[in-house]
Amino acid sequence: MSAETQRLKVLAAGILSLVVTIGVARFAYTPLLPIMQAETWLDEAAGGWLATFNYMGYMCGALLAASVSDLRLKDRLYRLYLVLAVVTTFAMAFTDNMVIWALLRFVSGLSSSGGMLIASGLILNWLIRHNFRGELGIHFAGCGLGIIFASLVVELLVQLAQSWSLQWIWFALAAALLSIPAWRWMPQPDTRPMTVSGAALVDQPPSRPFMLIMLVAYFCAGYGYVISATFIVDIVEGQPGLAGNGQWVFLLVGLAAMPAVIVWDRIARAVGYLKALMLAYSVQIFGIILPALTDTLWGAILSALLYGGTFIGCVSLVLTMAGRFYPTKPAKLMGKMTLSYGVAQIVAPAFTGMLAQDAGNYDLGLYLAGGFIAFGTVLIAVLIQLEKKEQGMVQQAT
C-alpha cells in the first residue's frame, strides 16, 4: 500500500470516528430535541440539563486524554469509545427516565472525546511521523459530515413517521456500521521518538502566560459554540413562521462546516494560526447573535452558514496548534485545551435553558454567548502581541 493511500485511509478512519462519536453520540440529540419535547415530558430546562450532562462526560474524556501519555492506551480508548457511542445511543430509546437519560448522555459525551481528541491526536502523530503536513482540517471535516448525517437522518425518519425512540435505534444501527471502518483503518500507534525518515520529534511548549491566556480564550469559544450547537433547531422552530425549517438550518451548519475546516487550514498557512483564529472568532460572533436580531428565514440561514463555517475551524486551529507544540504526545495538550472548552459547555446549556424557560426565547442566551466570543477575540489579539514579543526575545538571545 502506498503512503498516500495509507494517509487517506487514516484520515477516513478519523472522519468516520467523528461521524459516530460527534455526529451521532453528540449531535443526534440536537435535531431530536424538539421531537422528544413534543412526544415526551421533556421541556427546555430539562433539555438543557441533558446537554450539560453530555458535556460533563466530554469533559471527563478530555481530562483522561490530558492525563494519558501512552499512545497504545489512547488507541485502546479510541476503540472503546466507538463501542460506547453505539451502545449509549441505542439505550436512549428504551427509557424516558431523566436519571437514566442523564447517565446515557454523560457516557455519550465521554465517547465524543474519542473522535475529537483521541483520534485527532493519533492522526496528527501519524501524519507528523510519516512526514505529511501536520494539519487536522480534513479530519475535522468529519464534524460537519456528522451534522449533515444527523440532520438528514432525522428529516428522513420524520417523513417516515418514526417515533423519537425508533429514531435513536436507527441512529445506533448506522453508528455501528460506520464504526467498522473507523476501527479497522486506524493504525496501531508508533511510539518511536522519530519520524519514519529518522528525524527526531521535539516538543516546543509555549510559555506559561501564553498558555493561560489561550485557555481562557478557548473557554470563550466553548461557551459560544455550545449554545447554537445545542439549541439551534429549537430556536428556529420557535420563531414565527419558521416551524419545520429547524432540521434544514442544522443541515446548513454541517454543509458550511465540512469545507470550512480545510479553508481555515489554508488561511492559517497564509497569515498564521493566531490571526486565522482571531478572524474565525470575529465572524462567529455574528453567526451566533443573528437569530436574536432577526426572525426571518434568511437570518437563520446566514446564521447557520457563519456559525457552521467557523465553530469547527476554531477547534481545528487550536488543536492543531496544541499538537504542534507537543508532536510526541499531541493529545495531552489537546486534552488540557478541551478541559477549558468543556467547562464552558457544562455551564452554558443548563443556564441558557433556564433563561429560555423564564423569558420564553433564547435571545439573552445568544447575546451572552456572542459576548463571550467577543472577549475571546480580544484575548487572541493579546496572544498575537505576546507571540511577537516572545519571538523577539528569542531572536535577541540568539
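Every chain begins its residue count from 1, and numbering advances along the sequence as written. Residues qualify for local features only when their pLDDT is at least 70, as the model is predicted, and side-chain atom pairs are given and counted only at 80 or more; totals for whole chains, interfaces and linings, by contrast, use all residues. Computation of side-chain values: all heavy atoms of the structure, hydrogens and water removed.

(A) Highlighting the overall build of the chain. Regarding its fold elements, the chain presents 14 helices and zero strands. Secondary structure elements of the chain, listed N to C terminal, follow the sequence α-α-α-α-α-α-α-α-α-α-α-α-α-α. Atoms counted for the radius of gyration: C-alpha only. Globule rule: 2.2 Å times the number of residues to the power 0.38. Taking 21 Å as the expected radius of gyration for a compact globule of 398 residues, we find that the chain reaches 20 Å, a close match to that expectation. C-alpha atoms of the chain, sized along the principal axes, occupy 65 × 45 × 35 Å. Only protein chains enter the accessibility calculation, which uses a 1.4 Å probe; a residue whose area is less than 20% of its type maximum is buried, one above 50% is exposed, and one in between is partly exposed. Looking at the chain residue by residue over its 398 residues, the buried ones come to 58%. Contacts between residues were defined by any pair of non-hydrogen atoms, one from each residue, lying within 4.5 Å. Within the chain, counting contacts between residues at least 6 apart in sequence, those at least 24 apart form 84% of the total. Here the Shrake-Rupley method, with its probe set to 1.4 Å, supplies the accessible areas, and only the displayed protein chains count as covering residues. A total of about 15,300 Å² of accessible surface is found on the chain, and carbon and sulfur atoms cover 69% of it. For the purposes of this entry, the term helix denotes a DSSP run of H or I that reaches at least four residues, the term strand denotes a run of E that reaches at least two, and both are numbered from the N terminus.

(B) Spatial organisation of the side chain of Gln37. Within the secondary structure, Gln37 is located in helix H2 (residues 29-39). Setting aside residues up to four positions removed in sequence, Gln37 forms contacts with Leu42, Asp43, Glu44 and Asp234.

(C) Spatial organisation of empty space enclosed by the protein. Space inside and on the surface of the protein is sampled on a 1 Å grid over the protein atoms alone, with a cavity defined as a set of points where a 1.4 Å probe fits but cannot get out and a pocket as an open set with protein on both sides within 12 Å along at least 5 of 7 lines; lining residues have an atom within 4 Å of a point. Grid points are joined across faces, edges and corners, and a volume is the space filled by probe spheres set on the points. If you walk through the whole model with that rule in mind, you get two cavities of 30 Å³ or more. As a volume, the largest cavity reaches approximately 140 Å³. As for the largest cavity, its lining consists of 15 residues, of which Ile22, Tyr58, Met116, Tyr225 and Gln345 are closest to the centre. For the lining of the largest cavity, the secondary-structure elements that each account for two or more residues are helix H3 (44-67), helix H5 (98-129), helix H12 (311-325) and helix H13 (330-359). For the lining of the largest cavity, the residue count by class is 11 nonpolar, three polar and one charged. In this structure, the second largest cavity occupies an estimated 50 Å³ of space. Residue polarity follows a fixed list, in which Ala, Val, Leu, Ile, Met, Phe, Trp, Tyr, Cys and Pro are nonpolar, Asp, Glu, Lys and Arg are charged, and the others, Gly among them, are polar.

(D) Representation of the layout of surface pockets in the model. When its volume is computed, the largest pocket comes out at roughly 430 Å³. Lining the largest pocket are 17 residues; nearest its centre among them are Phe210, Leu274, Phe325, Glu387 and Gln391. Those elements that provide at least two residues to the lining of the largest pocket are helix H10 (273-293), H12 and helix H14 (363-397). Per element, the largest residue contribution to the lining of the largest pocket is five residues, and it comes from H14. Of the residues contributing to the lining of the largest pocket, the split by class is nine nonpolar, three polar and five charged.

(E) Just H2, in detail. Among the 11 residues that make up H2, nine are buried, leaving the element largely enclosed by the rest of the structure. Where H2 is concerned, the buried positions are Tyr29, Thr30, Pro31, Leu32, Leu33, Pro34, Ile35, Met36 and Gln37.

(F) Geometry of the packing of aromatic side chains. Centre distance within 6.5 Å is the pairing criterion for rings of Phe, Tyr and Trp, where only the six-membered ring of Trp is used; planes under 30 degrees apart are then read as stacked, over 60 as edge-to-face, and the remainder as tilted. A full pass over the atoms with the stated rule returns 13 aromatic pairs. The interplanar angle of 25° and the centroid separation of 6.0 Å between the aromatic rings of Trp41 and Trp101 together place this pair among those described as stacked. Of this pair, Trp41 sits in the loop between H2 and H3 while Trp101 sits in helix H5, and the two are 60 residues apart along the sequence. The class for Trp41 is partly exposed, based on a relative accessible area of 41%. For Trp101, a relative accessible area of 0% corresponds to the buried category. Considering the side-chain rings of Tyr225 and Tyr341, the 5.6 Å spacing of their centres and the 20° angle between planes classify their relative orientation as stacked. Here Tyr341 lies in helix H13 and Tyr225 lies in helix H8 (residues 208-237), a separation of 116 residues in the sequence. On the accessibility criterion, Tyr225 (7% relative accessible area) is buried. Taken together, the ring pairs connect Tyr218, Tyr225, Tyr307, Phe311 and Tyr341 into an aromatic cluster.

(G) Summary view of the packing of helix H6 (residues 137-159) against helix H9 (residues 246-271). Axis separation between H6 and H9 bottoms out at 8 Å; the angle between their running directions is 170°. Classified by the angle between their axes, H6 and H9 sit roughly antiparallel to one another. To get an axis, fit a line to the C-alpha atoms, keeping to the stretch in contact for a helix; angles then go from 0 to 180 degrees between the N-to-C directions. Here roughly perpendicular refers to angles of 65 to 115 degrees, roughly parallel to angles under 35, roughly antiparallel to angles over 145, and oblique to all remaining angles.

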